[in-house]
Amino acid sequence: MYVFHEYEEVIETSGCAAIHIEYLYESTDIWDALFKKCIEVLNDGILSDSISAGGVATALLSTKGNIYTGVCIESACPLGFCAERNAIGTMVTQG
């Protein structure tokens, strides 16, 4: 069984969140794969004076074993959204 505390500090300092429904999978190395995917898309950048993106990344693991990623988009208006919502959108879009 995976112990989440081993990654807590790393996830907090790196801005990555690896989401995994533990009881669906027997493999404990999936956390490493999810974390690696988060790091791959994490890229804090300024898109304009009022929009930044990529400061937080998330990886989702589907029941089919596919990994979907997303980053946050911060904006001065309500158009921004969190990395988790972006990853869910990616998962739905890519089937």
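Throughout what follows, the structure given in this document is the object of discussion. (Residues numbered from 1 in each chain as written. Predicted model: local features only at pLDDT ≥ 70, side-chain atom pairs only at ≥ 80, totals over all residues. Heavy atoms only, no water.)

1. Looking at the overall build of the protein chain
How we decide: Counting from the N terminus, the helices are DSSP H or I runs at least four residues long and the strands are E runs at least two residues long. Remark: exposure states derive from per-residue accessible area (1.4 Å probe, protein chains only) relative to the maximum for the residue type, with buried under 20%, exposed over 50%, and partly exposed in between. Whether two residues touch is decided by their heavy atoms; if any such pair falls within 4.5 Å, the residues are in contact.
If you tally the helices and strands in the protein chain, you get three helices and four strands. Shown N-terminal to C-terminal, the secondary structure of the protein chain runs as helices and strands in the order α-β-α-β-β-β-α. Taking all 95 residues of the protein chain together, 34% fall into the buried category. The long-range fraction of contacts in the protein chain, counting pairs at least 24 apart against all pairs at least 6 apart in sequence, stands at 43%.

2. Thoughts on the pairing of strand β3 (residues 51–61)
Our working rule: Should DSSP find at least two bridges between two strands, the strands are regarded as paired.
Buried residues dominate β3, accounting for eight of its eleven residues. Relative to β3, strand β2 (residues 45–46) is paired through two bridges, and the arrangement is antiparallel. In the sheet register, G45 faces β3, and the bridge partner there is A53. Relative to strand β4 (residues 67–75), β3 runs antiparallel, the two being bridged by eight bridges. In the sheet register, A57 faces β4, and the bridge partner there is V71. Between β3 and β4, which follow one another and run antiparallel, lie five residues, and G65 among them has a positive phi close to 90°.

3. A short note on the state of the cysteines
How we decide: The criterion for a disulfide is a pair of cysteine sulfur atoms lying within 2.5 Å.
Evaluated as defined, the whole model comprises zero disulfides. In this structure C72 is not part of a disulfide, and its nearest cysteine sulfur, from C82, lies 8.6 Å away. Overall, C72 belongs to the buried group, its relative accessible area being 6%.

4. Considerations on the nonpolar core
Our working definition: To define a nonpolar core, start from buried Ala, Val, Leu, Ile, Met, Phe, Trp, Tyr and Cys residues and group those joined through side-chain atoms within 4.5 Å.
I30, W31, L34, C38, A57, A59, L61 and V71 form the largest nonpolar core, which has eight residues in total. Put simply, the parts of the chain that give this core at least two residues each are α2 (30–41) and β3. With four residues, the single largest contributor to this core is α2.

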